[in-house]
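The residues making up each chain are set out below.
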Amino acid sequence: MTNKRTEEIELAKDEAGANGAIAAYMRSIIEMIGEDPTREGLRRTPERFEQALRYLTSGYQQDAEKILNHAVFSVCYDEMVVLKDIDVFSLCEHHVLPFFGKCHVAYLPDKKVVGLSKIPRLVNMFSRRLQIQERLTNQIAHAIQDSIHPLGVGVVIEARHLCMAMRGVEKQRSEAVTSAMLGAFRDNVQTRQEFLALINRRGV
Ligand SMILES: [Zn+2]
């Protein structure tokens, strides 16, 4: 069991392609900011940084089709499916600093649904790339649209951006809210409002 687990971790490392190339650059960067990469606390930092960065950008090695494969089911269900408060952690492509918050996803099925656990995985996949929040929101909506062709999809992301908060840009505590509304969620006010009411209802 332990061996198998170790094997899996090694495999995951290989898949992520950690080969020390990023670590070498990071060692130089540590020097350039006036630090000593050989002091004890920093000695393994370049390797840890490489592993972290490769993990946080591992979404480039995945695609939506594979994630949703075998998880599309035919059903006689035509009510709205809503998943709210999915954790989102991503990196802004302008500063390579984190933005994070909550993602809410809904769709109106048309004879097909997707396994519920696949939606957070889809959110993770698109989040683990260099992103802007607007595109991330759109990509999640379109991936669902393309996989099960529902009557409509709604995605809302509320996130805080560390590039704003840490650099002291005005309104440090503000959250950016983005949304993508497709099909019935765009065309039908009632559908959209039902979605927004459901995600704003807390503690249910
Ligand atoms: Zn930024």
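What counts, and at which threshold
Residues numbered from 1 in each chain as written. Predicted model: local features only at pLDDT ≥ 70, side-chain atom pairs only at ≥ 80, totals over all residues. Heavy atoms only, no water. Helix = DSSP H or I, 4+ residues; strand = E, 2+ residues; numbered from the N terminus. Contact = heavy atoms within 4.5 Å. Areas by Shrake-Rupley, 256 points an atom, 1.4 Å probe, with all protein chains shown as cover. Donors = N, O, S within 2.8 Å, 3.2 Å for Na, K, Ca; no water. Pairing = 2+ DSSP bridges. pLDDT = per-residue confidence, 0-100. Axes fitted to C-alpha atoms, helices over the stretch in contact; angles between N-to-C directions. Parallel < 35°, antiparallel > 145°, perpendicular 65-115°, else oblique. Left-handed = near helix turned anticlockwise from the far one by under 90°. Nonpolar A, V, L, I, M, F, W, Y, C, P; charged D, E, K, R; others polar. Salt bridge = Lys/Arg side-chain N within 4 Å of Asp/Glu carboxyl O. Phe/Tyr/Trp six-rings, centres within 6.5 Å; stacked < 30°, edge-to-face > 60°. Buried < 20%, exposed > 50% of the residue type's maximum accessible area, 1.4 Å probe, protein only. Patch = residues over 30% accessible without salt bridge, like charges linked within 9 Å, V, L, I, M, F, W, Y side chains within 5 Å.

Enquirer: Describe the overall build of the protein, naming the residues involved and giving the relevant values.
Expert: For the protein, the helix and strand inventory stands at nine helices and seven strands. Taking the intrachain contacts of the protein between residues at least 6 apart in sequence as the baseline, contacts between residues at least 24 apart amount to 69%. A total of about 12,500 Å² of accessible surface is found on the protein, and carbon and sulfur atoms cover 54% of it.

Enquirer: A description of the coordination of the zinc ion should follow, citing residues and the corresponding values.
Expert: Around the zinc ion, the protein supplies Cys92 (SG), His95 (ND1) and Cys163 (SG) as donor atoms, at distances of 2.1 to 2.3 Å. Counting along the primary sequence, the residues that act as donors to the zinc ion give the motif C-x2-H-x67-C. In this pair, His95 is assigned in the loop between strand E2 (81–92) and strand E3 (98–108) and Cys163 in helix H7 (residues 162–165), connecting sequence segments 68 residues apart.

Enquirer: I'd like a rundown of the pairing of E2, residues and numbers included.
Expert: Inspection of the sheet shows E2 paired to E3 by nine bridges, in the antiparallel sense. Opposite Val81, over in E3, you have Tyr107 as the bridge partner. Between E2 and E3, which follow one another and run antiparallel, lie five residues, and Val96 among them has a positive phi close to 50°. Alignment of E2 against strand E5 (residues 130–131), held across two bridges, turns out to be parallel. What sits directly across from Cys92, in E5, is Gln131.

Enquirer: Describe the confidence of the model for the protein, and please don't skip the residues or the numbers.
Expert: A low pLDDT means the predicted coordinates there should not be read in detail. Predicted confidence across the protein gives a mean pLDDT of 90, with 89% of residues reaching 70 or more. Summarising per-element confidence for the protein, the mean pLDDT is lowest in helix H1 (residues 2–16) (51) and highest in E5 (98).

Enquirer: I'd like a description of the packing of helix H5 (residues 118–127) against helix H6 (residues 133–148), backed by residues and values.
Expert: In contact at an axis separation of 10 Å, H5 and H6 are set at 135° when each is read in the N-to-C sense. As far as their axial angle goes, H6 and H5 are oblique. Of the two possible hands of crossing, H5 and H6 adopt the one that is right-handed. Contact residues: Leu122, Val123, Phe126 and Ser127 in H5; Leu136, Gln139, Ile140, Ala143 and Ile144 in H6. Residues of the contact of H5 with H6, tallied by class, amount to seven nonpolar, two polar and no charged.

Enquirer: How would you summarise the pattern of salt bridges if you had to cite specific residues and measurements?
Expert: Under the criterion given, the structure shown has seven salt bridges. The closest approach of N and O atoms between Glu35 and Arg39, which form a salt bridge, is 2.9 Å.

Enquirer: Run through the packing of aromatic side chains, naming residues and quoting values.
Expert: Overall, the coordinates contain two aromatic pairs when judged by the stated rule. Ring geometry for Phe89 against Phe100: centres 6.2 Å apart, planes inclined by 15°, an arrangement best described as stacked. Of this pair, Phe89 sits in strand E2 while Phe100 sits in strand E3; the two residues are 11 residues apart in sequence, bridging distant segments of the chain. Among the residues examined, Phe89 registers a relative accessible area of 57% and is labelled exposed. For the pair Phe185 and Phe195, a centre-to-centre distance of 5.6 Å together with 80° between the ring planes defines the contact as edge-to-face. Of this pair, Phe185 sits in helix H8 (residues 184–187) while Phe195 is found in helix H9 (residues 189–200), placing the two residues 10 residues apart along the sequence. For Phe185, a relative accessible area of 0% corresponds to the buried category. Its relative accessible area of 0% is what places Phe195 among the buried residues.

Enquirer: Requested: an account of a nonpolar patch on the surface, with residues and values cited.
Expert: Where nonpolar side chains cluster on the molecular surface, the patch consists of Tyr25, Ile29, Met32 and Ile33 and spans about 530 Å² of accessible area. In this structure, Ile29 sits in helix H2 (residues 21–32).

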